[in-house]
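Chain and residue survey
Single-letter residue listing:
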Amino acid sequence: MAAGRVKSCFLLQVLFSLVIINVSLAFPPKQMKSMDIIKEVNHKGPYLGLITVYPPEEKAFWKTAAFKPDKKHPYVDLSGRRFRVGKVQGRKVIYVRCGVGMVNAAAATQQMLDVFDMKGVVHFGIAGNSNNSMSIGDVSIPKQIAHTGIWDWLNPDEVLPSNDVAHLDFGSYNVPKGDGANLLGRIGYSNEQLFSESGKANTGTEIFWLKISHRWLQFAAGLEGMELERCVNSSLCLPQQPKVVVGLKGSTANIFIDNAAYRDFLYQTFAVSSVDMESGAVVMTSLSNGYPVIVIRGLSDLAGSQKGQNAIQTYGSLAALNAAKVVVQFIAKLPRYESGR
């Protein structure tokens, strides 16, 4: 009897050792350490997520001096990205720079929501301006975002799918106008599929306009009228005072738009005022996981309608700083139950 018990205990010890070995093989020591840190970080949560895109936007965010890093665990490195832990306006936040494009934006957002104890996501940065009533330096907080890069690219004589939202005929842009057929044919703009925790598994809902969280838009409305920066430096200023506008529409695609004709097409067809390469992915991922989300974008250029070179190199830093300042004030306006303890 005693010998049987000893044998059973020995087998359990062997099995336990094998489990420990397998876990160690699956997770390298550095990753195991990160998991321990994440556990401690989450114990202090929940957090508000802050996501920007590339270094100039991050530099502008640091320039506000609003981010106060956590003293014990100021950051966690995961999958090549640095998730920074701290506070803004006394609210607990986790900030990450996702990288350019929709894949990077979606991956960083999903990882943030999967790994950390989050309350919602604030996405910010710069964007092209596609609305002639807006100006460089303005900050747009859209109520809707569309992914305008899901195309049915057809031959000139093909019929567009009936569920396409809009279409662009390349022949309409021939010079001289209407002179012959264009072999590039036409593009039909298709819906996305939104998979959501609140929906049926493996069943996506066709959607074109992604809606920003209504409650957060209401809080953001109070930011209209706040003072923004007008000058890059003492010798370079915008001709008008930038403004915050809430409730317009935005467009996202994996395309840097610097073409006047396409800019005009997007505005005339979809009435979008800002064009960027990440917002739709952050919004889609956040909504799919059931989290509130808002987009705050400073307008850095005219998306191709300018004369000469694109203004992003001249006014990009100013637009990024204005967006970052609006983010800081938005966080201050959020009730504590909306932004974490």
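Residues numbered from 1 in each chain as written. Predicted model: local features only at pLDDT ≥ 70, side-chain atom pairs only at ≥ 80, totals over all residues. Heavy atoms only, no water.

In the annotation of an unreviewed UniProt entry, the protein chain is listed under the name Nucleoside phosphorylase domain-containing protein and assigned to Erythroxylum novogranatense.

Digging into the overall build of the protein chain
We apply this condition: Here a strand is any run of E in DSSP of at least two residues, a helix any run of H or I of at least four, and the numbering for each starts at the N terminus. Burial classification: accessible surface area is computed with a 1.4 Å probe over protein chains only, and a residue below 20% of its type maximum counts as buried, one above 50% as exposed, and the rest as partly exposed. In what follows, residue pairs with any heavy atoms lying within 4.5 Å of each other are defined as contacts. Under the convention used here, a 1.4 Å probe and the Shrake-Rupley method define accessible areas, while residue burial counts only the protein chains that appear.
Regarding its fold elements, the protein chain presents 9 helices and 20 strands. Within the protein chain, the proportion of its 341 residues that are buried is 47%. Relative to all contacts within the protein chain whose residues are 6 or more apart in sequence, the contacts with residues 24 or more apart total 76%. Total accessible area on the protein chain is roughly 17,200 Å²; 56% of this is exposed by carbon and sulfur atoms.

Side note on the state of the cysteines
Among covalent bonds in proteins, the disulfide is the one between the sulfur atoms of two cysteines. To keep it simple, the criterion reads: Here, the term disulfide refers to a pair of cysteine sulfur atoms separated by no more than 2.5 Å.
Overall, the coordinates contain 1 disulfide when judged by the stated rule. Between the sulfur atoms of Cys231 and its disulfide partner Cys237 the distance amounts to 1.9 Å. In this structure the cystine formed by Cys231 and Cys237 twists about its S-S bond by roughly 100°; its chirality is therefore right-handed. Classification of Cys231 as partly exposed rests on a relative accessible area of 30%.

Looking at the environment of Thr148
Note the cut-off: Whenever two N or O atoms come within 3.5 Å, that pair is a polar contact, provided that in protein one can donate a hydrogen and the other can accept it, and provided that, for residues adjacent in sequence, both atoms are side-chain atoms.
Mapped onto the secondary structure, Thr148 falls in the loop between β8 (144-147) and β9 (151-154). Once you skip the residues sitting within four places of it in the chain, Thr148 turns out to touch Tyr189, Phe208, Ser251, Thr252, Ala253, Tyr262, Leu266 and Phe270. Separated by 2.6 Å, the side chains of Thr148 and Ser251 make a polar contact.

Quick look at the nonpolar core
To keep things clear, this is the line we draw: The term nonpolar core refers to a set of buried residues drawn from Ala, Val, Leu, Ile, Met, Phe, Trp, Tyr and Cys, joined through side-chain atoms within 4.5 Å.
Ranked by internal contacts, the top residues of the largest apolar core, which has 61 residues, are Leu50, Ile141, Ile296 and Phe330. Ranked by the residues each element gives to this core, the list is headed by helix α8 (residues 312-333), at 7 residues. Aside from chain neighbours lying at most four places away, what touches Ile296 is Val122, His123, Phe124, Gly125, Val139, Ser140, Ile141, Ala323, Val326, Val327 and Phe330.

Things to note about the sheet that holds β9
Test applied: At least two bridges found by DSSP between two strands is the condition for calling them paired. Lines are fitted to the C-alpha atoms to define the axes, a helix being fitted only along its stretch in contact, and any angle between axes, read from their N-to-C directions, falls within 0 to 180 degrees.
Pairing within the open sheet is antiparallel, and its 3 strands lie in the order β9-β11-β10. If you trace the sheet from one side to the other, it starts and ends with β9 and β10 (166-169), each paired once. Strand-to-strand twist in this sheet, taken as the mean axis angle between neighbours without regard to direction, amounts to 20°. Of the pairings in the sheet, the one linking β9 to strand β11 (residues 186-189) comprises 4 bridges and is antiparallel in character. Bridging from a neighbouring strand, Trp151 pairs with Tyr189 of β11. In this fold helix α6 (residues 260-270) packs onto β9, β10 and β11, with an angle of close to 150° to the strand it touches most, β10.

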